[in-house]
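# Chain and residue survey
If you want the building blocks of each chain, they are given just below.
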Number of protein chains: 2
Amino acid sequence: MDFRTDFKPLTVDPDKIYEHSFATILEEYGPHDFTEDEWKIIRRIIHASADFDLGRSVIIHPDAIEAGIRAIRSGKAVIADVQMIESGTGHKRFQKHGGDVYCYISDEDVSKAAKEAGATRAIMSMQKAAHLHEGGIYAIGNAPTALLELIRLIKEGVVKPDLIIGMPVGFVSAAESKEELAKITEVPFITNLGRKGGSTVTVAALNAISLLADQA
Amino acid sequence: MDFRTDFKPLTVDPDKIYEHSFATILEEYGPHDFTEDEWKIIRRIIHASADFDLGRSVIIHPDAIEAGIRAIRSGKAVIADVQMIESGTGHKRFQKHGGDVYCYISDEDVSKAAKEAGATRAIMSMQKAAHLHEGGIYAIGNAPTALLELIRLIKEGVVKPDLIIGMPVGFVSAAESKEELAKITEVPFITNLGRKGGSTVTVAALNAISLLADQA
């Protein structure tokens, strides 16, 4: 097919769209004390949500960014609670470092075990991930039950992730699960307080770290 | 592997989690004038975002829900601007009616055409979708440029979607693209005002309509 190219005078250059967006976010956010790398996480979260309140609710553990970069560069697994995160971040950015992103929530054994237990598939998918991978980055943007199960597995010594990006959204246990995460001492984390969150902002944080991992 | 099932006393039953969430949303939203079906869209959007402001910014065209149900039941294509929407809604819910969900943003010809034009892949993916499908539901949750291009293609008579769910997010053209959508008379739409939006809320609206299409 023939593609048409008469778009002016809209802003349609992807690089310019990012540049304008980040400038607007910095201006409207106002003065901040973040490090340069932390700000790259925060501004991407705001970019993905257009929500400054959500951006201001983010907590970045002091070791989180460095741990995330190290994990990606050494080809550790990235585990997503839902497929939206897997497809939103994509495989290429991890495969080039020898790693990959995995999501087990739709696996047959996970579904079967969840149905039998009357529990969420998200819970069982965390058990499966902890069983299959040594460490890794856990990116949880949807299911509070996944995050709570992961925290339990850490407390019991079953798994020790390199980093948790935990930003589930919702009205049942979401805020509570993130408060639990913000208290853990075993693993560095990126999270936010309150009910808001979701797959898109979790992907935003993960992709920001992967861009940092790509830098020389 | 053996899955563990000792979760009590957390709420881990997926049906109960939805039930609690929807009850909380209704209570906190307060009185409203929506039809029963409209409310099912609104509450899912709030459920996916935990954002009442976003929920209150939603506009549902009076013909939107019926048009969406009819399109799904007659096996029309669902076109997503980004893969996150494709994976978030899934193929099964449309395949059982003879349709499917498609996303062209990562196609090689789309990438190539976008690079050559210095435009977004989202724009070219809309052109490709309009070229390949008669009507259908367009679900745009990420790229304002996709929505603006789709509106242009409609105005020029190139394509006539059955329904547009247009809720792109961001700082460049997102709010403007949705204002344009809210003005069109050719096609029913679901949209929202302002910068907020995104793939998760777009999926929420789409899935709510697909659940209505499944009802007898």
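Note that the structure is predicted; figures quoted are calculated from it, not measured.

## Some thoughts on the overall build of chain A
Scanning chain A for helices and strands turns up 11 helices and six strands. Taken against the 2.2 N^0.38 rule, which gives 17 Å for 216 residues, the C-alpha radius of gyration of chain A at 18 Å falls within 12% of a compact globule. Put simply, chain A has 216 residues, and 60% of those count as buried. Of all intrachain contacts in chain A linking residues separated by at least 6 positions in sequence, the fraction that spans at least 24 positions is 65%. Within the structure as shown, chain A displays about 9200 Å² of accessible surface, and the carbon and sulfur contribution to it stands at 49%. Where the 24 positive side-chain charges of chain A centre and where its 31 negative ones centre are 2 Å apart.

## Describing the sheet that holds strand β5 (residues 163-166) of chain A
Each strand in a sheet pairs with its neighbour through backbone hydrogen bonds, running either in the same direction (parallel) or in the opposite one (antiparallel). Residues and elements named next belong to chain A. Taken in spatial order, the six strands line up as β1-β6-β5-β4-β2-β3 in an open sheet, and their pairing is mixed. Looking at strand neighbours, the two that pair on one side only are β1 (58-60) and β3 (101-103), the edges of this open sheet. When the angles between neighbouring strand axes are averaged without regard to direction, this sheet yields 15°. Sheet topology places β1 next to strand β6 (residues 189-192); three bridges connect them, and they run antiparallel. Its bridge partner being in β6, I60 is matched across the sheet by I190. Along the sheet, helix α8 (residues 121-132) makes contact with β2 (78-80) and β4 (137-140), crossing β4 at roughly 170°.

## Describing empty space enclosed by the protein
As enumerated under the stated definition, the model contains one cavity of 30 Å³ or more in all. Roughly 150 Å³ of internal volume is contained in the largest cavity. Along its surface, the largest cavity is lined by 17 residues, and S49 and G197 of chain A together with S49, L54 and G197 of chain B are the ones closest to its centre. Split into classes, the residues belonging to the lining of the largest cavity amount to six nonpolar, seven polar and four charged.

## Side note on the pairing of β4 of chain A
Residues and elements named next belong to chain A. The side-chain alternation of β4 yields two buried faces, one formed by I137 and A139 and the other by Y138 and I140. Relative to β4, β2 runs parallel, the two sharing three bridges. What sits directly across from A80, in β4, is A139. Note: β4 against β5, four bridges, orientation parallel. Note on β5: the bridge partner recorded for I140 is G166. Considered for its hand, the β-α-β crossover made up of β4, helix α9 (residues 144-155) and β5 is right-handed.

## Things to note about the pattern of salt bridges
Think of it this way: side chains of opposite charge can pair up when their charged atoms draw near. One pass over the structure, following the stated rule, counts 26 salt bridges over all chains. Two residues, D162 of chain A and K76 of chain A, come together in a salt bridge whose shortest N-O distance is 2.9 Å. Taken together, the positions of D162 of chain A in the loop between α9 and β5 and K76 of chain A in the loop between α4 (64-73) and β2 put the pair 86 residues apart, joining distant regions of the chain. Using a relative accessible area of 29% as the deciding quantity, one classes K76 of chain A as partly exposed. Between K196 of chain A and D51 of chain B there is a salt bridge; the shortest N-O distance is 3.7 Å. Placement of the pair is K196 of chain A in the loop between β6 and α11 (199-214) and D51 of chain B in the loop between α2 (36-49) and α3 (52-56), with the two residues belonging to separate chains.

## As for the sheet that holds strand β3 (residues 101-103) of chain B
Residues and elements named next belong to chain B. Reading across from one edge, β1-β6-β5-β4-β2-β3 is the order of the six strands in this open sheet, with mixed pairing throughout. For this open sheet the edge positions go to β1 (58-60) and β3, each flanked by a neighbour on one side alone. Recorded for the sheet is a direction-independent mean angle of 15° between the axes of neighbouring strands. Bridge count for strand β2 (residues 78-80) against β3 is three bridges, and the pairing is parallel. Residue pairing across strands places A80 opposite C103, the latter belonging to β3. Taken strand by strand, α2 contacts β1 and β6 (189-192), and its axis lies near 155° from that of β1. In the packing of helix α4 (residues 64-73) onto the sheet, contacts are made with β1, β4 (137-140), β5 (163-166) and β6, and the angle to β4 comes to roughly 115°.

## Considering the packing of helix α1 (residues 14-29) of chain B against α2 of chain B
Relative placement of two packed helices is described by the angle separating their axes and the distance separating the axes. Residues and elements named next belong to chain B. Close contact between α1 and α2 brings their axes to 10 Å; oriented N to C, the two are set at 105°. On the basis of their axis angle, the class for α1 and α2 is roughly perpendicular. When α1 is examined against α2, the residues Y18, S21, F22, I25, L26 and Y29 are found in contact with a partner set consisting of W39, I42, R43, R44, I46 and H47. Tallied by class, residues from the contact of α1 with α2 come to eight nonpolar, two polar and two charged.

## Notes on α4 of chain B
Residues and elements named next belong to chain B. Taking burial as the measure, the 10 residues of α4 include seven buried ones, the bulk of the element. Along α4, the residues that are buried comprise A64, I65, A67, G68, I69, A71 and I72. Phi turns positive one or two residues past the end of α4, at G75, with a value near 75°.

## What about the UniProt feature "domain: Cobalamin biosynthesis precorrin-8X methylmutase CobH/CbiC" (unreviewed entry) in chain A?
The sites that carry the UniProt feature "domain: Cobalamin biosynthesis precorrin-8X methylmutase CobH/CbiC" (unreviewed entry) are, in the present numbering, residues 16-209 of chain A. Counted over residues 16-209 of chain A, helix gives 56% and strand 11%. Its end C-alpha atoms are 21 Å apart.

Definitions and limits used
Residues numbered from 1 in each chain as written. Chains lettered and ligands numbered in written order. Predicted model: local features only at pLDDT ≥ 70, side-chain atom pairs only at ≥ 80, totals over all residues. Heavy atoms only, no water. Helix = DSSP H or I, 4+ residues; strand = E, 2+ residues; numbered from the N terminus. Rg over C-alpha atoms; globule rule 2.2 N^0.38 Å. Buried < 20%, exposed > 50% of the residue type's maximum accessible area, 1.4 Å probe, protein only. Contact = heavy atoms within 4.5 Å. Areas by Shrake-Rupley, 256 points an atom, 1.4 Å probe, with all protein chains shown as cover. Lys, Arg positive; Asp, Glu negative; His and termini not counted. Charge placed at Lys NZ, Arg CZ, Asp CG, Glu CD. Pairing = 2+ DSSP bridges. Axes fitted to C-alpha atoms, helices over the stretch in contact; angles between N-to-C directions. 1 Å grid on protein atoms, 1.4 Å probe; cavity = no way out; pocket = protein on both sides within 12 Å on 5 of 7 lines; lining within 4 Å. Points joined across faces, edges and corners; volume = space filled by probe spheres on them. Nonpolar A, V, L, I, M, F, W, Y, C, P; charged D, E, K, R; others polar. Right-handed = clockwise from strand over helix to strand, strands pointing away. Salt bridge = Lys/Arg side-chain N within 4 Å of Asp/Glu carboxyl O. Parallel < 35°, antiparallel > 145°, perpendicular 65-115°, else oblique. UniProt positions renumbered as here; feature names shortened; annotations may be inferred.

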